[in-house]
Amino acid sequence: MNLELLKEVKTPEETAAIIYEMLLTKGIDVVLTGGSCMEIYTHSNYSSYDLDFIANPSIKASQIKEIMIDAGFEVTKGRYFQHNNTQYLVEFPTGPVSLGNEEPKVHKELKTHVGTLKLLTPTNCVKDRLCAYLYHNGEECLSQAIAVAHKNEINKDNLLKWALKECNEMQEAVNELFNNLEYLDKVVDNELIKSYLKSKEEKHKVDISVESDFVLLADDLIDDYVIHQLLGVELGEDIIYYEKMEQLYKKL
Amino acid sequence: MLDILFGSKNAERVLQFLLARDNAYAREIALFYDVSPSVIKKQLEKFETGSIIVGRDIGNMRIYELNKRNPFIKELSALLIKSRSTYDSKERAKLVRKDRSRPRSKNKPLIQRRDDN
(Lines give C-alpha, C1' and ligand atoms only; values in the text may rest on other atoms or scores of the structure.)
Protein backbone atom coordinates (compact mmCIF):
# COMPACT_ATOMS: atom_id res chain seq x y z
CA MET A 1 0.00 0.00 0.00
CA ASN A 2 1.36 3.34 -1.08
CA LEU A 3 1.33 5.71 1.90
CA GLU A 4 1.76 8.67 -0.44
CA LEU A 5 -2.01 8.31 -0.76
CA LEU A 6 -2.32 9.62 2.81
CA LYS A 7 -1.61 13.06 1.39
CA GLU A 8 -4.63 12.84 -0.91
CA VAL A 9 -7.25 11.73 1.60
CA LYS A 10 -8.94 13.71 4.33
CA THR A 11 -11.59 11.58 5.98
CA PRO A 12 -10.87 9.29 8.94
CA GLU A 13 -12.25 6.26 7.04
CA GLU A 14 -9.94 6.78 4.07
CA THR A 15 -6.92 7.45 6.24
CA ALA A 16 -7.67 4.45 8.47
CA ALA A 17 -8.31 2.21 5.44
CA ILE A 18 -4.88 3.00 3.98
CA ILE A 19 -3.18 2.14 7.28
CA TYR A 20 -5.38 -0.92 7.80
CA GLU A 21 -4.54 -2.31 4.34
CA MET A 22 -0.83 -1.59 4.84
CA LEU A 23 -0.82 -3.51 8.14
CA LEU A 24 -2.84 -6.36 6.65
CA THR A 25 -0.31 -6.90 3.85
CA LYS A 26 2.29 -7.32 6.62
CA GLY A 27 0.12 -9.89 8.38
CA ILE A 28 -1.17 -7.61 11.13
CA ASP A 29 -4.93 -7.72 11.53
CA VAL A 30 -6.36 -4.75 13.44
CA VAL A 31 -9.72 -3.24 14.31
CA LEU A 32 -10.42 0.48 14.44
CA THR A 33 -12.07 1.44 17.74
CA GLY A 34 -12.86 4.54 19.78
CA GLY A 35 -14.04 8.00 18.79
CA SER A 36 -12.99 7.76 15.15
CA CYS A 37 -15.61 5.02 14.58
CA MET A 38 -18.19 7.52 15.79
CA GLU A 39 -16.80 10.16 13.42
CA ILE A 40 -17.10 7.70 10.53
CA TYR A 41 -20.63 6.56 11.38
CA THR A 42 -21.96 10.07 11.92
CA HIS A 43 -20.03 11.79 9.10
CA SER A 44 -19.13 14.24 11.81
CA ASN A 45 -17.86 17.71 11.02
CA TYR A 46 -15.80 17.31 14.17
CA SER A 47 -12.58 15.34 14.38
CA SER A 48 -9.99 14.76 17.04
CA TYR A 49 -7.58 13.23 14.51
CA ASP A 50 -7.18 10.06 16.55
CA LEU A 51 -7.08 6.60 15.01
CA ASP A 52 -7.03 3.87 17.64
CA PHE A 53 -6.37 0.42 16.23
CA ILE A 54 -6.45 -2.69 18.39
CA ALA A 55 -4.44 -5.66 17.21
CA ASN A 56 -4.91 -9.26 18.15
CA PRO A 57 -3.23 -9.65 21.59
CA SER A 58 -0.94 -12.35 20.13
CA ILE A 59 0.81 -9.65 18.10
CA LYS A 60 3.72 -8.00 19.87
CA ALA A 61 3.87 -4.22 20.11
CA SER A 62 7.44 -4.36 18.78
CA GLN A 63 6.22 -6.02 15.54
CA ILE A 64 3.74 -3.21 14.93
CA LYS A 65 6.33 -0.57 15.79
CA GLU A 66 8.79 -2.00 13.27
CA ILE A 67 6.18 -2.10 10.47
CA MET A 68 4.95 1.41 11.21
CA ILE A 69 8.49 2.80 11.21
CA ASP A 70 9.25 0.97 7.94
CA ALA A 71 6.15 2.61 6.49
CA GLY A 72 7.50 6.06 7.35
CA PHE A 73 5.76 6.71 10.65
CA GLU A 74 7.60 8.26 13.53
CA VAL A 75 7.09 6.92 16.99
CA THR A 76 6.72 9.57 19.67
CA LYS A 77 7.46 9.71 23.37
CA GLY A 78 3.89 8.69 23.97
CA ARG A 79 2.73 5.49 22.34
CA TYR A 80 1.35 7.03 19.18
CA PHE A 81 2.63 7.30 15.61
CA GLN A 82 2.80 10.29 13.30
CA HIS A 83 3.37 10.48 9.55
CA ASN A 84 4.32 13.55 7.54
CA ASN A 85 1.53 12.86 5.04
CA THR A 86 -1.31 13.01 7.53
CA GLN A 87 -2.51 14.93 10.57
CA TYR A 88 -4.01 11.82 12.13
CA LEU A 89 -2.32 10.34 15.20
CA VAL A 90 -2.27 6.54 15.17
CA GLU A 91 -2.25 4.57 18.39
CA PHE A 92 -2.40 0.88 19.19
CA PRO A 93 -4.04 0.51 22.61
CA THR A 94 -3.49 -2.84 24.28
CA GLY A 95 -6.09 -5.38 23.22
CA PRO A 96 -8.35 -7.20 23.13
CA VAL A 97 -11.22 -5.06 21.87
CA SER A 98 -13.45 -4.66 24.90
CA LEU A 99 -16.76 -2.93 25.43
CA GLY A 100 -17.19 -3.04 29.17
CA ASN A 101 -17.34 -6.74 30.01
CA GLU A 102 -17.87 -7.84 26.42
CA GLU A 103 -15.15 -8.78 23.95
CA PRO A 104 -16.75 -8.50 20.52
CA LYS A 105 -15.59 -10.92 17.84
CA VAL A 106 -17.64 -9.69 14.90
CA HIS A 107 -16.66 -6.41 13.29
CA LYS A 108 -17.78 -4.38 10.32
CA GLU A 109 -15.86 -4.24 7.05
CA LEU A 110 -16.25 -0.88 5.43
CA LYS A 111 -15.27 -0.42 1.79
CA THR A 112 -13.78 2.91 0.79
CA HIS A 113 -12.34 3.93 -2.57
CA VAL A 114 -8.82 3.53 -1.16
CA GLY A 115 -9.38 0.15 0.48
CA THR A 116 -11.24 -1.78 3.11
CA LEU A 117 -11.30 -1.00 6.81
CA LYS A 118 -12.31 -3.18 9.74
CA LEU A 119 -14.02 -1.27 12.54
CA LEU A 120 -16.56 -1.67 15.35
CA THR A 121 -20.11 -2.32 14.16
CA PRO A 122 -22.51 0.61 14.71
CA THR A 123 -24.07 -1.24 17.68
CA ASN A 124 -20.65 -1.83 19.23
CA CYS A 125 -19.68 1.78 18.52
CA VAL A 126 -22.75 2.84 20.54
CA LYS A 127 -21.60 0.57 23.39
CA ASP A 128 -18.11 2.09 23.20
CA ARG A 129 -19.50 5.62 23.44
CA LEU A 130 -21.80 4.62 26.32
CA CYS A 131 -18.80 3.17 28.18
CA ALA A 132 -16.96 6.48 27.71
CA TYR A 133 -20.08 8.32 28.90
CA LEU A 134 -20.58 6.25 32.03
CA TYR A 135 -17.11 5.10 33.04
CA HIS A 136 -15.12 8.23 32.09
CA ASN A 137 -17.74 10.93 32.72
CA GLY A 138 -17.64 11.94 29.07
CA GLU A 139 -21.00 13.73 28.99
CA GLU A 140 -20.63 14.49 25.25
CA CYS A 141 -20.32 10.75 24.52
CA LEU A 142 -24.03 10.12 25.20
CA SER A 143 -24.84 12.59 22.47
CA GLN A 144 -22.35 10.81 20.19
CA ALA A 145 -23.98 7.44 20.98
CA ILE A 146 -27.39 8.86 20.09
CA ALA A 147 -26.02 10.24 16.80
CA VAL A 148 -24.53 6.85 15.84
CA ALA A 149 -27.77 5.06 16.76
CA HIS A 150 -29.84 7.56 14.79
CA LYS A 151 -27.77 7.60 11.62
CA ASN A 152 -27.15 3.84 11.48
CA GLU A 153 -29.08 0.66 11.95
CA ILE A 154 -28.37 -0.74 15.38
CA ASN A 155 -29.44 -3.91 17.15
CA LYS A 156 -31.48 -2.62 20.09
CA ASP A 157 -32.04 -6.06 21.63
CA ASN A 158 -28.33 -6.74 21.60
CA LEU A 159 -27.68 -3.35 23.20
CA LEU A 160 -30.22 -4.02 25.96
CA LYS A 161 -28.82 -7.49 26.69
CA TRP A 162 -25.31 -6.04 26.86
CA ALA A 163 -26.42 -3.29 29.27
CA LEU A 164 -28.12 -5.88 31.46
CA LYS A 165 -24.79 -7.67 31.86
CA GLU A 166 -22.94 -4.40 32.56
CA CYS A 167 -24.67 -2.63 35.46
CA ASN A 168 -27.83 -0.82 36.48
CA GLU A 169 -26.36 2.54 35.48
CA MET A 170 -25.69 1.24 31.97
CA GLN A 171 -29.28 0.04 31.66
CA GLU A 172 -30.37 3.54 32.64
CA ALA A 173 -27.99 5.03 30.06
CA VAL A 174 -29.39 2.76 27.32
CA ASN A 175 -32.94 3.70 28.31
CA GLU A 176 -31.93 7.36 28.21
CA LEU A 177 -30.54 6.78 24.71
CA PHE A 178 -33.76 5.07 23.56
CA ASN A 179 -35.90 7.84 25.07
CA ASN A 180 -33.83 10.44 23.23
CA LEU A 181 -34.09 8.52 19.95
CA GLU A 182 -37.88 8.53 20.17
CA TYR A 183 -37.93 12.31 19.74
CA LEU A 184 -36.15 11.91 16.42
CA ASP A 185 -38.88 9.64 15.00
CA LYS A 186 -41.67 12.18 15.48
CA VAL A 187 -42.98 15.11 13.46
CA VAL A 188 -41.11 18.16 14.71
CA ASP A 189 -43.10 21.10 16.06
CA ASN A 190 -42.64 23.52 18.95
CA GLU A 191 -44.59 21.24 21.30
CA LEU A 192 -42.22 18.35 20.61
CA ILE A 193 -39.17 20.56 21.17
CA LYS A 194 -40.72 21.91 24.37
CA SER A 195 -41.37 18.40 25.61
CA TYR A 196 -37.76 17.44 24.82
CA LEU A 197 -36.45 20.44 26.76
CA LYS A 198 -38.80 19.66 29.65
CA SER A 199 -37.39 16.12 29.74
CA LYS A 200 -34.01 17.71 30.49
CA GLU A 201 -35.24 19.83 33.40
CA GLU A 202 -34.50 17.35 36.16
CA LYS A 203 -31.04 16.35 34.95
CA HIS A 204 -29.95 19.95 34.37
CA LYS A 205 -31.77 21.32 37.45
CA VAL A 206 -33.67 24.01 35.50
CA ASP A 207 -37.20 25.23 34.95
CA ILE A 208 -37.53 26.17 31.27
CA SER A 209 -40.33 28.66 31.97
CA VAL A 210 -37.74 30.85 33.76
CA GLU A 211 -35.70 32.82 31.23
CA SER A 212 -32.32 32.50 32.96
CA ASP A 213 -32.85 28.74 33.31
CA PHE A 214 -33.75 28.47 29.63
CA VAL A 215 -30.56 30.35 28.74
CA LEU A 216 -28.59 28.02 31.00
CA LEU A 217 -30.12 24.93 29.36
CA ALA A 218 -29.38 26.33 25.90
CA ASP A 219 -25.73 26.55 26.95
CA ASP A 220 -25.76 23.07 28.49
CA LEU A 221 -27.13 21.60 25.25
CA ILE A 222 -24.54 23.26 23.00
CA ASP A 223 -23.29 19.81 21.86
CA ASP A 224 -26.59 17.92 22.23
CA TYR A 225 -27.36 15.97 19.06
CA VAL A 226 -31.14 15.69 19.55
CA ILE A 227 -31.90 19.38 20.08
CA HIS A 228 -29.77 20.25 17.06
CA GLN A 229 -31.70 17.72 14.94
CA LEU A 230 -35.04 19.04 16.20
CA LEU A 231 -34.02 22.61 15.39
CA GLY A 232 -32.55 21.57 12.04
CA VAL A 233 -29.09 22.87 12.95
CA GLU A 234 -25.78 21.08 12.42
CA LEU A 235 -23.69 20.50 15.54
CA GLY A 236 -21.12 23.27 15.74
CA GLU A 237 -23.32 25.87 13.97
CA ASP A 238 -23.43 27.81 17.22
CA ILE A 239 -24.65 31.16 15.87
CA ILE A 240 -27.72 29.60 14.23
CA TYR A 241 -28.30 27.37 17.25
CA TYR A 242 -28.45 30.32 19.67
CA GLU A 243 -30.67 32.32 17.31
CA LYS A 244 -33.13 29.44 17.03
CA MET A 245 -33.15 28.83 20.78
CA GLU A 246 -33.85 32.51 21.41
CA GLN A 247 -36.76 32.48 18.95
CA LEU A 248 -38.00 29.27 20.54
CA TYR A 249 -38.11 30.79 24.02
CA LYS A 250 -40.31 33.63 22.74
CA LYS A 251 -42.70 31.11 21.15
CA LEU A 252 -42.88 28.85 24.20
CA MET B 1 -21.02 44.45 30.74
CA LEU B 2 -20.49 43.57 34.38
CA ASP B 3 -16.85 44.67 34.39
CA ILE B 4 -17.79 48.08 35.82
CA LEU B 5 -19.72 46.43 38.63
CA PHE B 6 -17.04 43.87 39.40
CA GLY B 7 -14.19 46.35 39.06
CA SER B 8 -12.41 44.83 36.06
CA LYS B 9 -12.86 42.77 32.94
CA ASN B 10 -10.82 39.92 34.42
CA ALA B 11 -13.02 39.87 37.51
CA GLU B 12 -16.07 39.11 35.37
CA ARG B 13 -14.08 36.62 33.31
CA VAL B 14 -13.07 34.65 36.38
CA LEU B 15 -16.66 34.35 37.61
CA GLN B 16 -18.01 33.56 34.15
CA PHE B 17 -15.44 30.81 33.67
CA LEU B 18 -16.16 29.23 37.04
CA LEU B 19 -19.90 29.35 36.40
CA ALA B 20 -19.54 27.78 32.95
CA ARG B 21 -16.98 25.09 33.85
CA ASP B 22 -17.94 24.39 37.48
CA ASN B 23 -14.33 24.57 38.62
CA ALA B 24 -10.96 25.72 37.34
CA TYR B 25 -7.40 26.60 38.26
CA ALA B 26 -5.76 29.98 37.67
CA ARG B 27 -3.59 28.97 34.71
CA GLU B 28 -6.53 27.33 32.96
CA ILE B 29 -8.55 30.56 33.11
CA ALA B 30 -5.53 32.64 32.08
CA LEU B 31 -4.87 30.39 29.06
CA PHE B 32 -8.51 30.56 28.00
CA TYR B 33 -8.57 34.35 27.99
CA ASP B 34 -4.92 34.68 26.93
CA VAL B 35 -3.96 36.88 29.88
CA SER B 36 -1.26 36.63 32.49
CA PRO B 37 -1.94 34.05 35.24
CA SER B 38 -0.94 36.63 37.87
CA VAL B 39 -3.90 38.93 37.06
CA ILE B 40 -6.29 35.97 37.22
CA LYS B 41 -4.74 34.81 40.47
CA LYS B 42 -5.25 38.26 41.94
CA GLN B 43 -8.96 38.16 41.09
CA LEU B 44 -9.34 34.63 42.41
CA GLU B 45 -7.74 35.59 45.70
CA LYS B 46 -9.98 38.66 45.96
CA PHE B 47 -13.16 36.62 45.42
CA GLU B 48 -11.96 33.89 47.75
CA THR B 49 -11.39 36.44 50.52
CA GLY B 50 -14.93 37.70 49.91
CA SER B 51 -16.34 34.12 50.11
CA ILE B 52 -17.77 34.42 46.60
CA ILE B 53 -15.61 31.52 45.51
CA VAL B 54 -13.89 28.72 47.41
CA GLY B 55 -10.65 26.90 46.67
CA ARG B 56 -9.11 23.55 47.50
CA ASP B 57 -5.67 22.13 46.87
CA ILE B 58 -5.14 19.11 44.67
CA GLY B 59 -1.46 18.24 44.48
CA ASN B 60 0.28 21.53 43.79
CA MET B 61 -2.78 23.09 42.15
CA ARG B 62 -5.50 25.20 43.74
CA ILE B 63 -8.91 24.49 42.23
CA TYR B 64 -11.62 27.11 42.57
CA GLU B 65 -15.39 27.01 42.29
CA LEU B 66 -18.29 29.35 43.06
CA ASN B 67 -19.20 29.23 46.75
CA LYS B 68 -22.58 27.53 46.70
CA ARG B 69 -23.05 28.48 50.37
CA ASN B 70 -22.85 32.20 49.66
CA PRO B 71 -26.35 33.67 50.28
CA PHE B 72 -26.19 35.74 47.07
CA ILE B 73 -24.94 32.97 44.80
CA LYS B 74 -28.30 32.37 43.11
CA GLU B 75 -28.73 36.05 42.27
CA LEU B 76 -25.09 36.41 41.25
CA SER B 77 -25.38 33.39 38.95
CA ALA B 78 -28.55 34.79 37.37
CA LEU B 79 -26.73 38.07 36.72
CA LEU B 80 -23.78 36.27 35.15
CA ILE B 81 -26.06 34.09 32.99
CA LYS B 82 -27.94 37.15 31.77
CA SER B 83 -24.67 38.84 30.94
CA ARG B 84 -23.39 35.68 29.19
CA SER B 85 -26.50 35.58 27.00
CA THR B 86 -25.50 38.95 25.55
CA TYR B 87 -22.08 37.67 24.47
CA ASP B 88 -21.28 37.10 20.83
CA SER B 89 -22.50 33.53 20.00
CA LYS B 90 -19.04 32.20 19.18
CA GLU B 91 -17.56 33.59 22.39
CA ARG B 92 -20.47 32.23 24.39
CA ALA B 93 -20.19 28.75 22.82
CA LYS B 94 -16.44 28.67 23.43
CA LEU B 95 -16.99 29.52 27.08
CA VAL B 96 -19.71 26.96 27.77
CA ARG B 97 -18.35 24.11 25.65
CA LYS B 98 -16.51 21.98 28.17
CA ASP B 99 -13.04 20.67 27.40
CA ARG B 100 -12.63 16.97 26.83
CA SER B 101 -12.07 15.34 30.22
CA ARG B 102 -11.91 11.69 29.20
CA PRO B 103 -8.64 9.78 29.74
CA ARG B 104 -5.98 10.32 27.11
CA SER B 105 -2.50 8.87 26.55
CA LYS B 106 0.28 10.75 28.29
CA ASN B 107 1.87 13.43 26.07
CA LYS B 108 -0.60 12.83 23.23
CA PRO B 109 -1.64 16.17 21.74
CA LEU B 110 -5.33 16.90 21.36
CA ILE B 111 -6.09 18.39 17.96
CA GLN B 112 -9.73 19.24 17.47
CA ARG B 113 -11.30 20.36 14.24
CA ARG B 114 -14.73 21.72 13.51
CA ASP B 115 -15.41 22.28 9.83
CA ASP B 116 -17.27 25.53 10.40
CA ASN B 117 -14.37 27.14 12.27
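Residues numbered from 1 in each chain as written. Chains lettered and ligands numbered in written order. Predicted model: local features only at pLDDT ≥ 70, side-chain atom pairs only at ≥ 80, totals over all residues.

A. Quick look at the overall build of chain B. Secondary structure summary: chain B contains six helices and four strands in total. Start at the N end of chain B and walk to the C end: the helices and strands fall as α-α-β-α-α-β-β-α-α-β. Per-residue burial for chain B yields a buried fraction of 22% across its 117 residues. Here the analysis covers contacts within chain B between residues at least 6 apart in sequence; of these, 43% occur between residues at least 24 apart. (Helix = DSSP H or I, 4+ residues; strand = E, 2+ residues; numbered from the N terminus. Buried ≥ 20, exposed ≤ 12 C-beta atoms within 10 Å, placed from the backbone. Contact = placed C-beta atoms within 7 Å.)

B. Examining the overall build of chain A more closely. Secondary structure summary: chain A contains twelve helices and eight strands in total. If one aligns the C-alpha atoms of chain A with their principal axes, the spans along those axes are about 60 × 40 × 35 Å. Considering chain A as a whole, with its 252 residues, one finds that 43% of them fall into the buried category. Sequence-distant contacts, at least 24 apart, represent 60% of the contacts inside chain A between residues at least 6 apart.

C. Looking closely at the sheet that holds strand β1 (residues 24-25) of chain B. Residues and elements named next belong to chain B. Strand order in the open sheet formed by three strands is β1-β3-β2, with antiparallel pairing between adjacent strands. Looking at the sheet topology across the chains shown, the edges are occupied by β1 and β2 (53-58). Where β1 meets strand β3 (residues 61-66), two bridges bridge the pair, whose relative direction is antiparallel. Pairing of Ala 24 across the sheet is with Tyr 64, part of β3. Contacts between helix α4 (residues 37-49) and the sheet are confined to β2 and β3, with β2 contributing the most and set at about 115° to the helix. (Pairing = 2+ DSSP bridges. Axes fitted to C-alpha atoms, helices over the stretch in contact; angles between N-to-C directions.)

D. Highlighting the nonpolar core. Phe53(A), Val90(A), Ala145(A) and Val14(B) are the most contacted members of the largest nonpolar core, which has 93 residues in total. The contact partners of Ala145(A), leaving out residues within four places of it in the chain, are Val126(A), Arg129(A), Leu130(A), Tyr133(A) and Leu177(A). (Core = buried A, V, L, I, M, F, W, Y, C linked by C-beta atoms within 7 Å.)

E. Quick look at the confidence of the model for chain B. Model confidence for chain B is summarised by a mean pLDDT of 90, while 92% of its residues fall at 70 or above. Scoring of the predicted complex yields 0.90 for pTM and 0.83 for ipTM. (pLDDT = per-residue confidence, 0-100.)

F. Looking closely at the domain arrangement of chain A. Taken domain by domain, chain A comprises domain 1 (3-120) and domain 2 (186-252). Just the C-alpha atoms count here: the centres of domain 1 of chain A and domain 2 of chain A sit 36 Å apart. (Domains from an automatic or database assignment.)

G. Quick look at the confidence of the model for chain A. On average, residues of chain A score 94 in pLDDT, and 99% of them reach the 70 mark or higher. Here strand β2 (residues 46-47) of chain A is the element of chain A with the lowest mean pLDDT, 76, and helix α6 (residues 156-166) of chain A is the one with the highest, 98.

H. Up close: the pairing of β2(B). Residue and element names in this part refer to chain B. Both β2 and β3 contribute to a ladder of six bridges, which runs antiparallel. Within the sheet, the bridge partner assigned to Gly 55 lies in β3 and is Tyr 64. Between β2 and β3, which pair antiparallel one after the other, the connecting turn spans two residues, and Gly 59 there sits at a positive phi close to 60°.

I. Local environment of helix α1 (residues 12-25) of chain A. Residues and elements named next belong to chain A. When the terminal C-alpha atoms of α1 are compared, their 20 Å separation across 14 residues agrees well with the 20 Å that a helix rising 1.5 Å per residue should span. Within α1, ten of the 14 residues are buried, leaving the element largely enclosed by the surrounding structure. Three or more residues of α1 are buried, namely Pro 12, Glu 13, Thr 15, Ala 16, Ala 17, Ile 18, Ile 19, Tyr 20, Met 22 and Leu 23. Backbone geometry just after α1 places Gly 27 at a positive phi near 85°. (Expected span 1.5 Å × (residues − 1).)

J. Representation of the interface of chain B and chain A in the model. Taken together, the contact between chain B and chain A spans 24 residues of the former and 27 residues of the latter. For the side of chain B that touches chain A, the element with the highest residue contribution is helix α6 (residues 89-96) of chain B, accounting for five residues. In the side of chain B that touches chain A, the residues fall into seven nonpolar, six polar and eleven charged. (Nonpolar A, V, L, I, M, F, W, Y, C, P; charged D, E, K, R; others polar.)

K. Focus on the packing of helix α4 (residues 122-135) of chain A against helix α7 (residues 168-183) of chain A. Residue and element names in this part refer to chain A. Running from amino to carboxyl end, α4 crosses α7 at an angle of 120°, the nearest separation of the two axes being 10 Å. The pairing of α4 with α7 is recorded here as oblique in orientation. Pair α4 / α7 crosses with right-handed handedness. In this structure, α4 uses Leu 130, Tyr 133 and Leu 134 to contact α7, whose residues at the interface are Glu 169, Met 170, Ala 173 and Val 174. For the contact of α4 with α7, the residue count by class is six nonpolar, no polar and one charged. (Parallel < 35°, antiparallel > 145°, perpendicular 65-115°, else oblique. Left-handed = near helix turned anticlockwise from the far one by under 90°.)

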